[in-house]
Amino acid sequence: MTIYSTTFFAFFWFFVTFFLGITMGSFLNCVAMRVLSGEPIARGRSHCMSCGHKLGALDLVPLFSWLLLKGKCRYCESKISARYPLSELVLGIVYVLVLAKYDLTLRTLELIVLCSILLCVTLCDLDEHIIPDRFIVIGMINRIIFVVISGNILEELKLSLIGAFSVSLPLLILSLILDKILKKDTMGGGDIKLFFMAGMYFAWPVNVLVLLMSAIIGIVFGILRKKNEEKQIPFGPAISVGFFLGMLFGSELVNLYAGLF
Ligand SMILES: [Zn+2]
């Protein structure tokens, strides 16, 4: 089935998907925060980070509540970071772009779950410089579910494993060698695990491209962050953006490159 059969149908699906994206974005901000703070995820309503006041139903409307409240808590007037509405908006747009590219398919569903996990990884890595293992595990389980659904289990599993190891294994070896030479931790284990997990979703040439793009994006992020006097560069966000670009343009770019020879 295609969303492009009529203009109305396309608008309808884009609207629904965008709304789903910003709602998930709002939920995942909360998930990331609770994972970092060790709070149980399924416990009660969200509360203001400053005054602890429970948020009402109106405060929970993604994107719009922040705009209506002009970025301040309704109860204590403390500022609410623009990061929340921004990440909600980003996930809404990400969902729409994945739908635009993959249409009404299982692959769309699979990839928006991956994008949601990448958002959690990005938020956690920006805040605490860690990539919690549970997001890696959830990402692997999601991929395996779709491998089973595909009905072509052995072939899909083989491709997934080749994809996963194609970049994570060379990175692991490289970082072990560099650790020995430089006598310090050069690359976070979380970054390598992230490459393994997200690598399961794509063919190995796409993953190699993602690795190159992530390195470039990471360096750009690093330069931008230097002005904020941050010492460590969290690579999780760069890798996440790299994989997102990979899912949108990866196979086209790989084909373009292959066509040159
Ligand atoms: Zn408050």
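Residues numbered from 1 in each chain as written. Predicted model: local features only at pLDDT ≥ 70, side-chain atom pairs only at ≥ 80, totals over all residues. Heavy atoms only, no water.

Undergrad: Give a detailed account of unusual backbone geometry, specifying residues and quantitative values.
TA: The backbone of Lys70 shows a phi angle near 55°, a positive value even though the residue is not glycine. Secondary-structure assignment places Lys70 in the loop between α2 (64–68) and α3 (83–102). According to the relative accessible area criterion, Lys70 is exposed, its value standing at 69%. In this model, Asp103 sits at a positive phi of 60°, which is unusual for a non-glycine residue. By secondary structure assignment, the location of Asp103 is in the loop between α3 and α4 (106–128). For Asp103, a relative accessible area of 14% gives the class buried. (Helix = DSSP H or I, 4+ residues; strand = E, 2+ residues; numbered from the N terminus. Buried < 20%, exposed > 50% of the residue type's maximum accessible area, 1.4 Å probe, protein only.)

Undergrad: Can you break down the nonpolar core residue by residue, with the values?
TA: Core analysis: the largest hydrophobic core is formed by 45 residues, its most contacted members being Val98, Leu114 and Met247. The set of elements that each furnish at least two residues to this core consists of α1 (7–37), α3, α4, α5 (133–149), α6 (153–182), α7 (189–199), α8 (204–226) and α9 (236–259). Looking at which element gives the most residues to this core, the answer is α4, with 11 residues. (Core = buried A, V, L, I, M, F, W, Y, C linked by side-chain atoms within 4.5 Å.)

Undergrad: Can you lay out the packing of aromatic side chains for me, pointing to particular residues and giving the numbers?
TA: Centre distance and the angle of the planes are the two values used to describe a pair of aromatic rings. All chains considered together, the criterion is met by seven aromatic pairs. Ring geometry for Phe9 and Trp13: centres 6.3 Å apart, planes at 85°, overall edge-to-face. Taken together, the residues span about one helical turn, with Phe9 and Trp13 both in helix α1 at a distance of four residues. Since its relative accessible area comes to 25%, Phe9 is described here as partly exposed. Both rings, one in Tyr201 and one in Phe202, keep their centres 6.4 Å apart while their planes meet at 40°; by these two values the pair is tilted. Neither Tyr201 nor Phe202 differs from the other in exposure class; each is buried. (Phe/Tyr/Trp six-rings, centres within 6.5 Å; stacked < 30°, edge-to-face > 60°.)

Undergrad: Report on the packing of α4 against α9, specifying residues and quantitative values.
TA: Helices that pack against each other are described as a pair by the angle of their axes relative to one another and the distance between those axes. With their axes 8 Å apart at the nearest point, α4 and α9 run at an angle of 160° to one another. It follows from the interaxial angle that α4 and α9 lie roughly antiparallel. Crossing of α4 against α9: the hand is left-handed. Judged by residue contacts, Leu111, Leu114, Cys115, Leu118, Val121, Thr122, Asp125 and Leu126 of α4 engage Gly236, Pro237, Ser240, Phe243, Phe244 and Met247 from α9. Here the residues of the contact of α4 with α9 are counted per class, giving 10 nonpolar, three polar and one charged. (Axes fitted to C-alpha atoms, helices over the stretch in contact; angles between N-to-C directions. Parallel < 35°, antiparallel > 145°, perpendicular 65-115°, else oblique. Left-handed = near helix turned anticlockwise from the far one by under 90°. Contact = heavy atoms within 4.5 Å. Nonpolar A, V, L, I, M, F, W, Y, C, P; charged D, E, K, R; others polar.)

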